[in-house]
Amino acid sequence: MKEKNYFTQRNIENLEKIRILRKELPPFCSEFIVGIETRTSPLTRLGYCYDLRIFFDYLISENVYFDGKNIKDITIQDLENVTSTDIELFMEYLSSYEFDGNHYQNSLKTKARKLSTVRAFFKYFYNKDKLQRDVASKVSTPKLHDKPIIRLDNDEIDEMLGIVDSGITLSEHQSSYHSITRLRDLAILTLFLGTGIRISELVGINIDDIDFENNAFKITRKGGNETILYFSDEVKYALYDYYIERINDNTIRKDEKAFFISMQKKRIGVRAVELLVKKYASLATPLKHITPHKLRSTYGTNLYRETKDIYVVAEVLGHRDVNTTKKHYAAISEDIKRDASDKVILRKTTLLRNDENE
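Presented here is a report on the structure given in the accompanying data block. Throughout this document, residue positions are counted from 1 along each chain, in the order its sequence is written. Where totals are concerned, whole chains, interfaces and linings use all residues; where local detail is concerned, this predicted model gives features only for residues with pLDDT of at least 70, and gives and counts side-chain atom pairs only at 80 or more. Heavy atoms from the whole structure form the basis of all side-chain values; hydrogens and water molecules are not counted.

## Notes on the overall build of the protein
Stage number 1. A run of H or I in DSSP counts as a helix once it spans at least four residues, and a run of E counts as a strand once it spans at least two, with each numbered from the N terminus. The helix and strand inventory of the protein stands at 15 helices and five strands.
Stage number 2. Using a 1.4 Å probe on the protein chains alone, a residue whose accessible area is under 20% of its type maximum counts as buried, one over 50% counts as exposed, and one in between counts as partly exposed. Residues classed as buried in the protein amount to 42% of the 358 residues present.
Stage number 3. Residue contacts follow a heavy-atom distance rule, with two residues in contact if any of their heavy atoms lie within 4.5 Å. Sequence-distant contacts, at least 24 apart, represent 61% of the contacts inside the protein between residues at least 6 apart.
Stage number 4. Residue-level accessible areas treat just the shown protein chains as cover; the underlying method is Shrake-Rupley with a 1.4 Å probe. Entry remark: accessible area of the protein is about 21,000 Å², with carbon and sulfur atoms responsible for 49%.

Encoded structure:
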């Protein structure tokens, strides 16, 4: 039987979670989840289920019309009593609320995502002629403030990789594990900084996905599409040193196909990678909050500065729309504007005069 890869297994797990959550929602929600299946990933639909569960819990606990109702008893006709004001109140509710005995506070970004779910939900049933009005479309999306783009500069990259390589400045506790994880951690950070891949793509890499002869490796992008990326010799050396250690580790099961292995001798998880990035980055640049995505931003910016081609950057990073690349890499836009400032010459005589003065 063919082995399930990381992304196939993750989709299977998410589909099972969706089935469980659908049982907690009003019955008509299943029609929505099934109806959007062909154009969304299991992870997206799982997020929708979580968001709708919060929305219906809000209606029951805060809306007079739904007071005393059981969530499973809510019908599609009941939604005709929801107004755009109710949804605006839901957005305000998300600032601070209780659910399943826990207290939550949502950022503007999280609120915007939950509103997007509710909008998609109402639009679906409106388009199916099962709702007379699409009240959610009348609610404005929260204005998101642009955050400063944080990335590592070249000196900080050198400092961080130096710490990983040498173990200098690590605490006594951290140093006790350093000899075990040094090559793995160096390979992970070098791969992030040298290819700009996403954290989900990195943890999903298998041994057979890497071709050292051609400096290439296969990854599964968001949406499940496979693609081949290439890496430099510098990345190759870091990966290969770890690869040799990895295949000679007799404590790892022979049927374990994951390239990056955790201390528990199985595929490393997203959280473990996030923590190791945080550990080394905080030592190299304590004033910057560096995450795996910030390493991706660092690579994207450096790649543009070397190629001067925004479309190459978009292709390598896996952005379907080049505007996404421009949006996330503000420094790239600054470079484009700076380069453009010298392209239009108004008076050639001015240039001649400057050359003569020199």
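What follows continues from the structure just given.
## Concerning the pairing of strand β4 (residues 216-220)
Stage number 1. Burial runs high along β4: four of the five residues are buried.
Stage number 2. Criterion used throughout: strands pair if DSSP finds at least two bridges between them. Alignment of strand β3 (residues 210-211) against β4, held across two bridges, turns out to be antiparallel. Residue D211 lies in a different strand from β4, and its bridge partner there is A216.
Stage number 3. In this structure, β4 lies alongside strand β5 (residues 226-230), joined through five bridges in antiparallel fashion. Directly across from T220, in β5, lies its bridge partner E226.
Stage number 4. As consecutive antiparallel partners, β4 and β5 are separated by five residues, and within that stretch G223 has a phi angle of approximately 95°, a positive value.

## Describing the sheet that holds β4
Stage number 1. Reading across from one edge, β3-β4-β5 is the order of the three strands in this open sheet, with antiparallel pairing throughout. What marks the edges here is a single partner per strand, and that holds for β3 and β5.

## Brief notes about helix α11 (residues 292-307)
Stage number 1. The span one expects for a helix is its residue count, reduced by one, times 1.5 Å. If you check α11, its first and last C-alpha atoms are 23 Å apart, about what 16 residues at 1.5 Å a residue would give, namely 22 Å.
Stage number 2. Considered for burial, the residues of α11 that qualify are P292, L295, R296, S297, T298, Y299, G300, T301, L303 and Y304.
Stage number 3. Once α11 finishes, K308 follows within two positions and takes phi at roughly 60°, a positive value.

## Things to note about the packing of helix α4 (residues 84-93) against helix α5 (residues 108-127)
Stage number 1. Simply put, an axis is a line fit to the C-alpha atoms, just over the touching stretch for a helix, and the angle between two N-to-C directions goes from 0 to 180 degrees. Following both chains from N to C, one finds α4 and α5 inclined at 150°, their axes separated by 10 Å at the closest point. The angle between α4 and α5 places the two elements in the roughly antiparallel class. In this structure, α4 crosses over α5, and the sense of that crossing is right-handed. Touching I87, F90 and M91 of α4 are K111, A112, L115, V118 and F122, all from α5. For classification purposes, an angle smaller than 35 degrees is called roughly parallel, one larger than 145 roughly antiparallel, one from 65 to 115 roughly perpendicular, and anything else oblique. Whether a crossing is left-handed or right-handed is set by the direction in which the near helix is turned from the far one by less than a right angle, anticlockwise for left-handed and clockwise for right-handed.

## Notes on the side chain of N215
Stage number 1. Looking at the secondary structure, you find N215 in the loop between β3 and β4.
Stage number 2. Overall, the relative accessible area of 13% leaves N215 in the buried class.
Stage number 3. Here a polar contact means two N or O atoms within 3.5 Å. Within protein one must be a hydrogen donor candidate and the other an acceptor candidate, and residues neighboring in sequence count only if both atoms are side-chain atoms. At a separation of 3.0 Å, a polar atom in the side chain of N215 contacts the side chain of D233.
Stage number 4. The residues touching N215, leaving out its near neighbours within four places in the chain, are L229, Y230, F231, S232, D233 and K236.

## Focus on a negative patch on the surface
Stage number 1. By definition, no residue in a patch forms a salt bridge, and every one has over 30% relative accessible area; like charges are joined within 9 Å, nonpolar side chains (Val, Leu, Ile, Met, Phe, Trp, Tyr) within 5 Å. What makes a salt bridge here is a side-chain nitrogen of Lys or Arg within 4 Å of a carboxyl oxygen of Asp or Glu, nothing more. His is not counted, nor are the chain ends, whereas Lys and Arg count as positive and Asp and Glu as negative. Here the site of a charge means NZ on Lys, CZ on Arg, CG on Asp, or CD on Glu. A cluster of acidic residues, D153, D155, D158 and E159, forms a negative patch at the surface.
Stage number 2. Position of D158 relative to the elements: it lies in helix α6 (residues 154-166).

## Focus: the pattern of salt bridges
Stage number 1. Under the definition given, this model contains 15 salt bridges.
Stage number 2. For E201, the salt bridge goes to R221, with nearest N and O atoms at 3.1 Å. On the criterion of sequence distance, the pair formed by E201 in helix α8 (residues 199-203) and R221 in the loop between β4 and β5 is long-range, its members being 20 residues apart.
Stage number 3. The exposure class of E201 is buried, given its relative accessible area of 1%.
Stage number 4. Among the charged side chains, a network of salt bridges with common partners joins D51, R113 and K114.

## Details of the packing of aromatic side chains
Stage number 1. Planes of paired rings set the category: under 30 degrees apart is stacked, over 60 is edge-to-face and the rest tilted, where pairs are Phe, Tyr or Trp rings (Trp by its six-membered ring) whose centres lie within 6.5 Å. All told, the structure shown has 26 aromatic pairs when counted by the stated rule.
Stage number 2. With a centroid separation of 5.5 Å and an interplanar angle of 25°, the aromatic rings of Y97 and Y104 are classed as stacked.
Stage number 3. For Y97, a relative accessible area of 6% corresponds to the buried category.

## What about α4?
Two residues of an α-helix separated by three or four positions point the same way, owing to the 3.6 residues in each turn.
Stage number 1. When α4 is considered as a whole, its buried residues turn out to be D86, I87, F90, M91 and Y93. Along α4, the residues classed as buried sweep out an arc of 160° about the axis, all on the same side.
Stage number 2. Residues of α4 that are buried in the fold lie against α3 (42-62), β1 (97-99) and α5. When we speak of the arc, we mean the arc of directions from the helix axis to the C-beta atoms.

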